[in-house]
Amino acid sequence: NAARIEQQVERLAFRIRRLIDYWTMVEVEQGLGDVSAIVGDALALHAPVARARSVEISVVPAKLPQRSLERMSTLVVLTNLLSLSIFIAPAGTTIELSVTEPDADCVLFELTVPGFEPPTSRIDRLVPPEEDHDRSRAERLQVLSVCHAVAEQRGAHLEVRSGERGQILFRCPARCAPPGGT
């Protein structure tokens, strides 16, 4: 069990390093992507992991908003949030990814994750794992903190909420999708 926990911590540390590398890049691809394509890419990447962990991912509604988003940063944040959600959710449960258009200027990705307890620390700053006795919880906080920083850098917003099932909300600025997609 200790070896498995150590592997998970290393995996999260690697992901955090990748996010930090992305976040500090001078030039980042600024291209737009369709919401459906971004969600499809994120799900394709994580579907095998979710199946291996016996976790389902449900996307609602079936017809996603016809909007364009900054592709790379949205995909980086969404894939990391999905990865984190899959490893938090207990086997046999379902993660719900709701994608809506609360207003004309944004798309809201709302992940409802069984077993997710929002961190007690703020997500708008990185906290070294040494400050927390629970290394796994500290690593989760770091993933959320880096996702928050990437989102804010691109004019998006990340928020966590508690409840019976924890929620992670990712609000992205949007544009109308051009006819025929992007």
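The structure we're discussing is the one just above.
Report on the accompanying structure.

Thresholds, definitions, all that
Along each chain, numbering runs from 1 in the same order as the chain's sequence is written. Local features in a predicted model are, by the rule used here, given only for residues with pLDDT of at least 70; side-chain atom pairs are given and counted only at 80 or more, and totals for whole chains, interfaces and linings are based on all residues. Water and hydrogen atoms were dropped before computing side-chain values, which therefore reflect all heavy atoms in the structure. Elements are defined by DSSP. Helices are runs of H or I of four residues or more, strands are runs of E of two residues or more, and each kind is numbered from the N terminus. Relative accessibility decides the category of a residue: with a 1.4 Å probe and only protein chains considered, values under 20% of the type maximum give buried, values over 50% give exposed, and everything between is partly exposed. Should any heavy atoms of two residues lie within 4.5 Å, those residues are considered in contact. Reported accessibility uses the Shrake-Rupley method at a 1.4 Å probe radius. Residues are deemed covered only where the shown protein chains occlude them. Any two strands between which DSSP finds at least two bridges are classified as paired. For helices, the fitted line uses only the C-alpha atoms of the stretch in contact; every axis is such a line through C-alpha atoms, and the angle between N-to-C directions lies from 0 to 180 degrees. By definition here, a helix of n residues has an expected span of 1.5 Å times n minus one. Bend, at a single residue, is the angle you get between axes fitted to the 7 residues ending at that residue and the 7 residues starting at it. Under this definition, polar contacts are N or O atom pairs within 3.5 Å; protein pairs additionally need one hydrogen-donor-capable and one acceptor-capable atom, and for neighbouring residues in sequence, both atoms have to be side-chain atoms. Any two of the Phe, Tyr and Trp rings considered here, Trp counted by its six-membered ring, make a pair once their centres fall within 6.5 Å; the pair's planes then place it as stacked at under 30 degrees, edge-to-face at over 60, or tilted in between. Think of a nonpolar core as a cluster: buried Ala, Val, Leu, Ile, Met, Phe, Trp, Tyr and Cys residues, connected wherever their side-chain atoms sit within 4.5 Å. An angle below 35 degrees is read as roughly parallel, one above 145 as roughly antiparallel, one from 65 to 115 as roughly perpendicular, and any other as oblique. Helix crossings get a hand from a simple test, with the near helix turned counterclockwise from the far one by less than a right angle marking a left-handed crossing and a clockwise turn marking a right-handed one. Under the scheme applied, nonpolar residues are Ala, Val, Leu, Ile, Met, Phe, Trp, Tyr, Cys and Pro; charged residues are Asp, Glu, Lys and Arg; polar residues are all the others, including Gly.

## Considering the overall build of the protein
Summing up its helical and strand segments, the protein has four helices and eight strands in all. Starting at the N terminus and walking to the C terminus, you meet the elements of the protein as α-β-α-β-β-α-β-β-α-β-β-β. By the burial criterion, 45% of the 182 residues in the protein qualify as buried. In the protein, 74% of the contacts between residues at least 6 apart in sequence involve partners at least 24 apart. Summed over all atoms, the accessible surface of the protein reaches about 9600 Å², with 52% contributed by carbon and sulfur.

## Quick look at the sheet that holds strand β6 (residues 157–161)
In a beta sheet, neighbouring strands pair by backbone hydrogen bonds and run either parallel or antiparallel. Taken together, the five strands give an open sheet; going across it, the order is β2-β4-β5-β7-β6, and neighbouring strands pair in mixed fashion. The open sheet has two edge strands with one neighbour each: β2 (56–60) and β6. Across the sheet, the axes of successive neighbouring strands diverge by a mean angle of 20 degrees, strand direction being ignored. The pairing of β2 with strand β4 (residues 94–103) spans five bridges and is parallel. Paired with Glu56 across the strands is Thr94, a residue of β4. Its contacts with the sheet place helix α2 (residues 35–52) against β2, β4 and β5 (106–113), and it is angled at close to 165 degrees to β2.

## As for unusual backbone geometry
Both trends apply: most residues other than glycine have a negative phi, and most peptide bonds are in trans. Put simply, Val60 and Pro61 share a cis peptide bond, and its omega is -10 degrees. Here Pro61 lies in the loop between β2 and β3 (67–70). Non-glycine residue Ser54 carries a positive phi angle of around 55 degrees. Here Ser54 lies in the loop between α2 and β2. When its relative accessible area of 43% is taken as the criterion, Ser54 is described as partly exposed.

## A closer look at α2
The end-to-end C-alpha distance of α2 is 26 Å, a good match for the 26 Å that 18 residues give at a rise of 1.5 Å each. The sharpest bend along α2 comes to roughly 45 degrees, located at His46, with the proline Pro48 sitting one to four residues further on. Buried within α2 are the following residues: Val35, Ile38, Val39, Ala42, His46 and Ala50. With a side-chain oxygen positioned 3.0 Å from the backbone nitrogen of Ser36, the residue opening α2 is Asp34. One or two residues past the end of α2 sits Ser54, with phi positive at roughly 55 degrees.

## Brief notes about the environment of Gly92
Looking at where Gly92 falls in the secondary structure, it is placed in the loop between α3 (71–88) and β4. For the pair Gly92 and Arg53, spaced 39 residues apart in sequence, the C-alpha to C-alpha distance is 8.3 Å.

## Regarding the packing of aromatic side chains
By the definition in use, this model includes one aromatic pair. When the centroid spacing of 5.7 Å and the interplanar angle of 25 degrees are considered together, the rings of Phe109 and Phe170 count as stacked. A residue pair is termed long-range when its members are at least 10 positions apart, and Phe109 in strand β5 and Phe170 in strand β7 (residues 166–173) qualify at 61 residues.

## Some points on α3
Taking 1.5 Å of rise per residue, the 18 residues of α3 would be expected to cover 26 Å, and the 26 Å separating its terminal C-alpha atoms lies within 8% of that figure. Counting buried positions along α3 gives 15 out of 18 residues, so the element sits mostly inside the fold.

## Describing the nonpolar core
Judged by nonpolar contacts, the single largest core of 39 residues is most densely connected at Leu81, Phe109 and Phe170. When residues of this core are traced back to their parent elements, those giving at least two are α1 (2–23), α2, α3, β4, β5, α4 (135–153) and β7.

## Some words on the packing of α2 against α3
For the pair α2 and α3, interaxial distance at closest approach is 9 Å and the crossing angle is 25 degrees. Our classification of the angle between α2 and α3 gives roughly parallel. For the crossing formed where α2 meets α3, the hand is right-handed. Residues Ile38, Val39, Asp41, Ala42, Leu43, Leu45, His46, Val49 and Ala50 of α2 pack against Arg71, Thr74, Leu75, Leu78, Thr79, Leu82, Ser83, Ile86 and Phe87 of α3. Residue composition of the contact of α2 with α3, grouped by class: 12 nonpolar, four polar and two charged.

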